[in-house]
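# Structural description and commentary
Letter by letter, the chains look like this.
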Amino acid sequence: MRATVLHAAGDVRIENVPDATLIEPTDALVVISRAAICGSDLWPYKTPEQADIGRRLGHEAVGVVEAIGAEVRTAKVGDLVVMPWAYSDGKCEFCHQGLQTSCVQGGVFGTDEVDGAQAEAVRVPHADGTLVVLPVDEDDALLPSLLTLSDVMGTGHYAALAANVADGKRVAIVGDGAVGLCGVIAARRLGAEQIIILGRHPDRTALARELGATDVVSERGEEAVERVRGLTDGFGVHSVLECVGLTDSMRTAIGIARPGGAVGRVGWPQYEIMPASQPAFFDNVTVSGGPAPIRAYIEELLPDVLQGRIEPGRVFDRIARLDDVPDGYRAMNDREAIKVMVRP
Ligand SMILES: [Zn+2]
């Protein structure tokens, strides 16, 4: 079969690799209907560590179950399923508390442990704990939105929960990538009254407005903090979704939180020491978040997608066949595309 392999900085290739197969009795073999390129794939793409070289990338997909191990009970051959970016057994203490990313038997697709999903097929460990069966066909028009349940929509939702978004609150989203845009959807869904997006790409902030943002702030740094305060009676917002992960974006996120506010961070931190620790302390700002345990939210978000109340699939602005995946990486890295859907 064919799959995406990382060779060097800026160099991913589609190669022939051994077919994915069942290994454990708890595995499912899934033939990919749609996969996606993630903003987090761009970190190893741009600056791969030695361990990243040779990795088969991709951790977001919907597909059709082709085979199941002897112990799999929930998914049947022929089912259309969505896979979360991390697999989990659904049985351990952390799975039960909704923190499937810390599952004692869990792991992440596209790593040393399990191959990636930007491929023709993928082996899914712990299928019963990991996969969610979708009640539609493989060619359903909702597939792009359903695909976002494997990462970005769940991640935006988690950021909103971590930032304590609730009815009537003022919310800001730092970052206008796919996760930030899904954060806008999540904030509106949870009843936020004001939704400010901080971003500098006019096409993305325009989409953010369509998805529910009430204000756009394109300034950066101190100027952005001043603008947000100006939009919020001088105090800042109750909730900040930090969807970038850089020192400056985190500093801005804490700077625009009002006293007693909360920052939910889902941007993969590129800093070792948390910035703005003193402003966070003196304003009693809670900082929470982490890798989003999106498996905990698929069943909750699914009806909203199926009934058209949310349309997170709108974050995809390009479709690539497998052969075009390398150009998809380039386009996302150059900010030409928001998010690329892969259709093997
Ligand atoms: Zn577990």
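Residues numbered from 1 in each chain as written. Predicted model: local features only at pLDDT ≥ 70, side-chain atom pairs only at ≥ 80, totals over all residues.

What follows deals with the overall build of the protein. Scanning the protein from N- to C-terminus turns up 12 helices and 17 strands. Oriented by its inertia axes, the alpha-carbon framework of the protein measures out at about 60 × 40 × 35 Å. Looking at the protein as a whole, 53% of its 344 residues are labelled buried. Considering only contacts in the protein between residues 6 or more positions apart, those separated by 24 or more positions represent 69%. (Helix = DSSP H or I, 4+ residues; strand = E, 2+ residues; numbered from the N terminus. Buried ≥ 20, exposed ≤ 12 C-beta atoms within 10 Å, placed from the backbone. Contact = placed C-beta atoms within 7 Å.)

Before going further, it helps to examine the pairing of strand 10 (residues 170-174). Strand 10 sits mainly inside the fold: five of its five residues count as buried. Both faces of strand 10 are covered, namely the face carrying Arg170, Ala172 and Val174 and the face carrying Val171 and Ile173. The sheet contact formed by strand 10 and strand 11 (residues 194-198) spans five bridges and is parallel. The partner of Ile173 across the bridge, within strand 11, is Ile197. Where the polypeptide runs from strand 10 across helix 6 (residues 178-189) and back to strand 11, its parallel neighbour, the crossover connection is right-handed. Here strand 10 runs beside strand 13 (residues 237-242); their pairing, made up of four bridges, is parallel. From the neighbouring strand, Val174 faces strand 13, where its bridge partner is Glu242. (Pairing = 2+ DSSP bridges. Right-handed = clockwise from strand over helix to strand, strands pointing away.)

When the parts of a complex come together, some accessible area is lost, and that lost area is often used as the size of the interface. Parsing the protein into structural domains produces domain 1 (2-151 + 294-342) and domain 2 (153-289). Relative placement of domain 1 and domain 2: their C-alpha centres are 26 Å apart. Counting residues at the interface gives 18 residues for domain 1, matched by 17 residues for domain 2. When residues in the side of domain 1 that touches domain 2 are grouped by element, the largest group, three residues, is from helix 11 (residues 298-306). Residue composition of the side of domain 1 that touches domain 2, grouped by class: 10 nonpolar, three polar and five charged. (Domains from an automatic or database assignment. Nonpolar A, V, L, I, M, F, W, Y, C, P; charged D, E, K, R; others polar.)

In contact at an axis separation of 9 Å, helix 8 (residues 221-231) and helix 9 (residues 247-255) are set at 25° when each is read in the N-to-C sense. Here helix 8 lies roughly parallel to helix 9, going by the angle between them. When you trace helix 8 past helix 9, the crossing you get is right-handed. Taking contact as the criterion, the partners of Gly221, Ala224 and Val225 in helix 8 are, on helix 9, Asp248, Thr252 and Gly255. Tallied by class, the residues present in the contact of helix 8 with helix 9 amount to two nonpolar, three polar and one charged. (Axes fitted to C-alpha atoms, helices over the stretch in contact; angles between N-to-C directions. Parallel < 35°, antiparallel > 145°, perpendicular 65-115°, else oblique. Left-handed = near helix turned anticlockwise from the far one by under 90°.)

The next point concerns the environment of Ala213. If you trace the backbone, Ala213 turns up in the loop between helix 7 (202-211) and strand 12 (215-217). For Ala213, a count of 30 C-beta atoms within 10 Å gives the class buried. In sequence terms Ala213 and Asp176 are 37 residues apart; their C-alpha atoms lie 11 Å from each other.

Turning next to the packing of helix 5 (residues 152-162) against helix 6. Interaxial distance between helix 5 and helix 6 falls to 7 Å at its minimum, and their mutual angle equals 60°. Between helix 5 and helix 6, the angle is such that the two are oblique. Crossing of helix 5 against helix 6: the hand is right-handed. Facing helix 5, whose interface residues are Val152, Met153, Thr155, Gly156, His157, Ala159 and Ala160, helix 6 presents Ala178, Val179, Cys182, Gly183, Ile185, Ala186 and Ala187. Across the contact of helix 5 with helix 6, the residue classes tally to 10 nonpolar, four polar and no charged.

With a phi angle near 45°, His126 is a residue other than glycine that sits in the positive phi range. As for its position among the elements, His126 is in the loop between strand 8 (121-124) and helix 3 (127-130).

Bridge count between strand 1 (residues 2-8) and strand 2 (residues 11-16): six bridges; the pairing is antiparallel. If you follow Leu6 over to strand 2, its bridge partner there is Val12.

What follows concerns the sheet that holds strand 13. One open sheet holds the six strands; their spatial order is 12-11-10-13-14-15, and the pairing between them is parallel. Only two strands of the sheet have a single partner each, and these edge strands are strand 12 and strand 15 (286-289). Averaged over all neighbouring strand pairs, the angle between strand axes comes to 20°, with direction disregarded. Bridge count between strand 11 and strand 12: three bridges; the pairing is parallel. Counterpart to Leu198 in the pairing with strand 12 is Val217.

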